Amino acid sequence: MDGPARRMPPIPPRMRLQIYEAGSTMKALSTPAPALPASDSPGISLLPIAAFCFLWSSAFAAAKIAVRDCPPLTLLTIRFLIAGALMLGLAAASGRWKLPSGRDLAALVLLGALNNALYLGLSWSGMTTVSSAFTAVLISTNPLLIGVLAGPLLGERLSWRKLLGLCLGLAGVALVLRSRLTGMQEDLHGTLLVTGGLIALVAGTLLYKMLKPTSGLWTSTGIQSLAGAAALLPFALATENLGDARLTSSLIWSMAYMIVAVSMGGYYLWFMILGRASATSASALHFLMPPLGLLFGWVVLREPVSWLDLLGIVPIAFGIWLATRRTA
């Protein structure tokens, strides 16, 4: 440019303010919105919820059939080993296999010990002396424990609606429990074992939300399954005799169902739902287990169902609706 450089005229203060406000607006529009907390995340569609409830509740009847022909810990060890290998194979075949970080691997091993080895090991051992329907009812009390603990541990808000729903669900479960225990239909030792499994499930659910493993669902579920097999193997070898197992057609079919439908399908859906919803809302689905567990026990195993069992379904259903519905 020839000649002396021209000086730009000063920008008036009013125009400077307009430019600053426009820049601030553009910055705000370009900044991603913060993620919603888990309790406000979009709901899960009805199909995976219905599939999860069907598969999870049907597992109690399938397990009751299987433990008649094979010791429970041996049965679970074989189930977890096969299911874990299949799930990791699916992860590799779909191109989603990635070796987890050291932190994630340690978290998944711990979760596998709780969600698979302790939860199912104790509840299946208890199911050798108590009915499958009773086991389903007792395990379904976990939403109340999770609802109480999720506030201080996960920062989830327990609204009056959720609290009322959880209490109604517990009242329905208590009605069924009273009917079964006062009638001397169930064994106390088996009840204590199932209660231990319940505590392990609660701990596993809360830790999954706290640790938040980032591996894909097939990978994380497969590693948890293999960790459960490794944790149960020494106890199965020390306390059970493989010679007590009988290779019957009912054992083969129930084992196949539990591997494919429950370990692969049910656990996959459970961790998917748990990853997208709050721990309180997700665990409230377990209140559906008493009516479904009673139904499967009656249809498949011909276990008796009383009118008090059926009456307990009413507060359970209403409690689930209150605990899981979204506010406007």
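Note: the structure precedes this text.
Residues numbered from 1 in each chain as written. Predicted model: local features only at pLDDT ≥ 70, side-chain atom pairs only at ≥ 80, totals over all residues. Heavy atoms only, no water.

### Here's the deal with the environment of F271
Following the sequence through the fold, F271 ends up in helix α10 (residues 249–276). Remark: the alpha-carbon pair of F271 and L217, spanning 54 residues in sequence, is separated by 7.4 Å. Each residue touching F271, except ones within four places of it in the same chain, is listed here: N115, Y208, L217, T221 and Q224. (Helix = DSSP H or I, 4+ residues; strand = E, 2+ residues; numbered from the N terminus. Contact = heavy atoms within 4.5 Å.)

### Side note on the packing of aromatic side chains
Evaluation of the coordinates by the stated rule reveals four aromatic pairs. On the basis of an interplanar angle of 20° and a centroid distance of 5.4 Å, the ring pair of F52 and W270 is categorised as stacked. Here F52, found in helix α2 (residues 46–66), pairs with W270, found in helix α10; they are 218 residues apart in sequence, far enough to count as distant. Both residues of the pair, F52 and W270, count as buried. (Phe/Tyr/Trp six-rings, centres within 6.5 Å; stacked < 30°, edge-to-face > 60°. Buried < 20%, exposed > 50% of the residue type's maximum accessible area, 1.4 Å probe, protein only.)

### With respect to the side chain of D104
Along the chain, the position of D104 falls in helix α4 (residues 102–126). Classification of D104 as buried rests on a relative accessible area of 3%. Here the side chain of D104 touches R103 through a polar contact of 3.2 Å, side chain to side chain. Dropping the residues within four chain positions of it, D104 is found in contact with P213, T214 and S215. (Polar contact = N/O pair within 3.5 Å; in protein donor to acceptor, adjacent residues only side chain to side chain.)

### Let's talk about the pattern of salt bridges
Throughout the structure, instances matching the rule amount to two salt bridges. Between R246 and D69 there is a salt bridge whose closest N-O contact spans 2.4 Å. Linking R246 in the loop between α9 (217–239) and α10 with D69 in the loop between α2 and α3 (72–93), this pair joins segments that are 177 residues apart in sequence. For D69, a relative accessible area of 6% gives the class buried. Residue R103 pairs with D104 through a salt bridge whose shortest N-O separation is 3.2 Å. Residue class for R103 comes out partly exposed when judged on its relative accessible area of 48%. (Salt bridge = Lys/Arg side-chain N within 4 Å of Asp/Glu carboxyl O.)

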